[in-house]
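So the chains spell out like this:
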Amino acid sequence: MQHFRQFSPRTLSFRFLLIFFFAAVVPFLTISTITLSRVSDAMEQEAQERITQMIHLAGSNLDSQMDALASVTEKMYVYSTNEYGAMKNLEDILRDGKNTTPFMKDYVSTVLDNNRSLHNVMFIDLLNDQVYASGKPATKSLRYDWHYTDLDFYEEAISHPRRLTVSEPHREDYFFRSSETVISLCRPLLALSALPYREVILGLMVLDIHYSLFDDAFSAYDWAQSCELFVTNAEDTIIYAPDASMIGQKHVLPVQPSISILTEDMPSVGFTICYHLDRDLLMRDVRRLRDSLVVLMLVALCVMILATVLSSQHISRPVKQMLKQMNRVQEGDLYARVSVHGNDELSDLSRGFNQMVCDLDTHIQRSYLASIRQKEAELDALKMQIHPHFLYNTLEVIRMSAVEHQDMETASMALALVHQLQYVIGERHEHVLLSTELQMVSEYIDLVKARYGQIDLKVNFPARYAQCEILKMTLQPIVENAVQHGLRPVGGGQLSIDVQGCAGTLIITVMDNGCGMDEEQLARLRSQLNSRELPEPKEDGLRSIGTKNVHDRIRLACGEPYGLEIESQTGVGTAVVMRLPYRTREVKHEAPDRG
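Analysis parameters
- Position numbers for residues start from 1 in each chain and track the written sequence from start to end.
- Residue-level local features of this predicted model are given only where pLDDT is at least 70; pairs of side-chain atoms are given and counted only at 80 or more, and the full residue set underlies all totals for whole chains, interfaces and linings.
- Neither water nor hydrogens contribute to the side-chain values; these are computed over all heavy atoms in the structure.
- Basic side-chain nitrogens of Lys or Arg form a salt bridge, by our definition, when they fall within 4 Å of a carboxyl oxygen of Asp or Glu.
- Helix and strand definitions here come from DSSP, where helices need a minimum of 4 consecutive H or I residues and strands a minimum of 2 consecutive E residues; each element is numbered from the N-terminal end.
- Any residue under 20% of the maximum accessible area for its type is buried, any over 50% is exposed, and the rest in between are partly exposed; the area is computed with a 1.4 Å probe on protein chains only.
- Nonpolar side chains (Val, Leu, Ile, Met, Phe, Trp, Tyr) are joined into patches within 5 Å and like charges within 9 Å, using only residues with over 30% relative accessible area and no salt bridge.
- Calculation of accessible area relied on Shrake-Rupley with a 1.4 Å probe; when residues are assessed, cover is drawn exclusively from the protein chains displayed.
- Neither His nor the chain ends is counted toward charge; the positive residues are Lys and Arg and the negative residues Asp and Glu.
- To locate a charge, take NZ of a lysine, CZ of an arginine, CG of an aspartate or CD of a glutamate.
- In short, DSSP must find at least two bridges between two strands for them to pair.
- The axes are straight lines fitted to the C-alpha atoms, using for helices just the contacting stretch, and the angles between their N-to-C directions are given from 0 to 180°.
- The contact definition used throughout considers only heavy atoms, calling two residues in contact when any of these lie within 4.5 Å.
- By definition, pLDDT measures how confident the predictor is in each residue, and it falls between 0 and 100.
- The span one expects for a helix is its residue count, reduced by one, times 1.5 Å.
- Polar contacts, as used here, are pairs of N or O atoms within 3.5 Å; protein pairs need one atom able to donate a hydrogen and one able to accept it. Residues neighboring in sequence count only if both atoms are side-chain atoms.
- Classification of ring pairs uses Phe, Tyr and Trp, with its six-membered ring standing for Trp, and accepts pairs whose centres are within 6.5 Å; under 30 degrees between planes counts as stacked, over 60 as edge-to-face, and the remaining range as tilted.

So, about the pattern of salt bridges. With the rule as written, the count across this model stands at 11 salt bridges. With its nearest N and O atoms 2.5 Å apart, the salt bridge here joins Glu199 to Arg162. With Glu199 in the loop between β7 (181-190) and β8 (201-210) and Arg162 in the loop between α5 (154-159) and β5 (165-166), the pair connects residues that are 37 residues apart, well separated along the chain.

Dropping the structure here:
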């Protein structure tokens, strides 16, 4: 091993070049070769699928148009006209030798005008030995000396009167000075009065289709110039081809193995679209593109090698600088940054290092924000707990008052309840004026007087504290507990609220002269205030969470120095001291009152 190491390159740049060659150049060449081959195959498959889709769309479009034209010949059975108050169909018109000619000329003209795809419309009246025709342009004139029995599709139509006959391409020689090539759709008109026992042919409906119908259908797509497109009938006669000289010839299958034949049937008229796809010619442009990509990859490879040689010479200095700054970060210095020069990979690594340190510092800051948001979420949950508890007790007071007193007192209580609900539900601000909270407490006492006996409320509220802000719904739960657990058991009493300020702290004391608590009850209540768990449910399934809820809300919103303190003595009463930050809506005071 030691003997082998003495032949290994000692320069970092040369080692980097060897690693780059085996780790990048060889895989790059291998993957590029495989990728080019697969891309070539995929492009060939995509081109063939695209042409197949175009043939299908063109065939569907043509077949729909042919089917629509075929349905035109079927509509002659339902055609009728009102003559002198009597309805006549084509059979009646043909049997009426007096007015046949004007009616039939009008009929063929109407059919031609209502179908833009038609070139000519002709009706051969076998009953009256007449021919009625209309063509485009309107100046066309029909040759009445023409023997229509010489038409190549005449005998087939007569032999199969119940189906549509499609002709091979032919010239419209039955018009004067016309040499257009058309395809004809022919359907005999049978006498409905003779069916189903006999097939009496009254005439033949002939629709001539111009070749522009095929040109319009195929010109909407971009066909490969190296391929051939044909439309053949059931006898493999070429009905349409871009080269007009091939029309009417038999379709011959190619023998070259590189040519694939794609077909699409048109069942409405029995035609077939044949597309000769020469894969060699189709992939000629793809191969040129592949060769160009090979040249570009070789050039890119040379540029990569040159860039690797140049960049490896500048690796040592940035790496040392980065290691130095990393040591500073390990020691806790989050202001360490790496100087960035250039736009190479090491520069990107340096930027990434700087961004990582910045993100680390941001993450530490965000952890505090996440903690604050968590406290806000807990605060919202506590607020949702207190509302049902408050509404339940208030509604119970109103209900009992309505049962026990049959007078207008109920109306006054209901109005007070409305004020309470508007305050609890309607007020969206987290902080309210202390005067507003005291007003709600006063209305609450007015409500509970009717239920729990005489309760006297005394409020020591100096005017200088009128604009102080406190958390909404903090005094009411304390007063409610004083009424429920202190004054109610003794049939009423006195409740006092005292407001003071000291050293930037607002101190609100709620005191009652009720039954009070013994030392065990007081210790349990204080323990609940400092616990993170909710109190156990009472017999009615509800938790007594008023005092703890207020305490937790104050702690979450204002911090640990603030909250509730409780003192109580059996037979004397209970005092709850609430400490809040002193602040007003207008000016925040550090020390509003020194005594």
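It is worth spelling out unusual backbone geometry at this point. With omega at 0 degrees, the peptide bond leading from Lys136 into Pro137 counts as cis. Along the chain, Pro137 turns up in the loop between β4 (130-135) and α5. Across the junction of Leu195 and Pro196, the peptide omega takes the value 5 degrees, indicating a cis bond. Secondary-structure assignment places Pro196 in the loop between β7 and β8. Not every positive phi belongs to a glycine, and Asp129 is a case in point at roughly 55 degrees. Backbone geometry places Arg177, a non-glycine residue, at a positive phi of 50 degrees. Within the secondary structure layout, Arg177 lies in the loop between β6 (170-171) and β7. Relative accessible area serves as the criterion here: at 83%, Arg177 is assigned to the exposed category.

It is worth spelling out a nonpolar patch on the surface at this point. On the surface, Val39, Met43, Leu289, Leu293 and Leu296 cluster together into a nonpolar patch covering about 390 Å² of accessible area. For the nonpolar patch, the secondary-structure elements that each account for two or more residues are α2 (12-74) and α8 (284-312). Sorting elements by how many residues they give to the nonpolar patch places α8 first, with 3 residues. By the element assignment, Met43 lies in helix α2. On the basis of relative accessibility, which here comes to 30%, the residue Met43 falls in the partly exposed class.

This part covers a negative patch on the surface. Taken together, the side chains of Asp152, Glu168, Glu235 and Asp236 define an acidic patch exposed on the protein surface. Note on placement: Asp152 falls in the loop between β4 and α5.

With that settled, consider the sheet that holds strand β17 (residues 505-512). Strand order across the open sheet formed by 5 strands is β14-β16-β17-β19-β18, with mixed pairing between neighbours. Across the chains shown, the open sheet's two edge strands, defined by having one partner strand only, are β14 (455-460) and β18 (563-569). Strand-to-strand twist of the sheet, defined as the mean angle between neighbouring strand axes without regard to direction, takes the value 15 degrees. Lying on the sheet, helix α13 (residues 475-487) is in contact with β14, β16 (493-502), β17, β18 and β19 (573-581); it crosses β17 at an angle near 20 degrees. Across the sheet, helix α15 (residues 546-558) lies against β18 and β19, angled at about 150 degrees from β18, the strand it touches most.

Taken over all residues, the pLDDT of the protein has a mean of 78, while the share at 70 or more is 77%. Low pLDDT, under 50, characterises residues 539-544; the stretch is placed with 9 contacts to residues that sit more than four places away or in other chains. Across residues 587-595, confidence stays below pLDDT 50; counting only partners more than four residues off in sequence or on other chains, it has 16 contacts.

Take the sheet that holds strand β11 (residues 259-266) next. The 4 strands lie next to each other as β10-β9-β12-β11, forming an open sheet whose pairing is antiparallel. Only two strands of the sheet have a single partner each, and these edge strands are β10 (238-240) and β11. Ignoring which end each strand starts from, the neighbouring axes of this sheet average 35 degrees apart. Both strand β9 (residues 228-232) and β10 contribute to a ladder of 2 bridges, which runs antiparallel. Each bridged residue has a counterpart across the sheet, and for Thr232 the counterpart in β10 is Ile238.

A few words now on helix α14 (residues 519-530). With 12 residues, α14 should cover 16 Å at 1.5 Å per step; its first-to-last C-alpha distance of 17 Å lies within 8% of that length. If you check the start of α14, you find a side-chain oxygen 3.3 Å away from the backbone N of Glu520, and it comes from Asp518.

You can see Val510 is positioned in strand β17. Remark: the alpha-carbon pair of Val510 and Val576, spanning 66 residues in sequence, is separated by 5.2 Å. Beyond its immediate chain neighbours, meaning those up to four positions away, Val510 contacts Leu475, Ile478, Val479, Leu495, Ser496, Ile497, Thr574, Ala575 and Val576.

Our focus in this paragraph is the packing of aromatic side chains. Here the structure, examined in full by the defined rule, presents 7 aromatic pairs. Ring geometry for Tyr174 versus Phe175: centroids 5.5 Å apart, planes at 55 degrees, classification tilted. Residue classification places Tyr174 among the buried positions, given a relative accessible area of 2%. The exposure class assigned to Phe175 is buried, which follows from its relative accessible area of 3%. With 5.3 Å between their ring centres and 15 degrees between their planes, Phe214 and Tyr240 make a pair best called stacked.

Let's shift gears to the pairing of strand β12 (residues 271-278). Along β12, 8 of the 8 residues are buried, which leaves the element largely enclosed by surrounding structure. Side chains Phe271, Ile273, Tyr275 and Leu277 of β12 all project onto a buried face; the interleaved residues Thr272, Cys274, His276 and Asp278 project onto the opposite face, where all are buried too. Of the strand pairs in this sheet, β9 and β12 are connected by 5 bridges, and their pairing is antiparallel. When the sheet's bridge partners are listed, Phe230 is paired in β12 with Cys274. Pairing of β11 with β12, which is carried by 8 bridges, proceeds in the antiparallel orientation. Across the sheet, the residue bridging to Leu262 is Tyr275, located in β12. The loop that links β11 with its antiparallel partner β12 comprises 4 residues; one of these, Gly270, has a positive phi angle of about 75 degrees.

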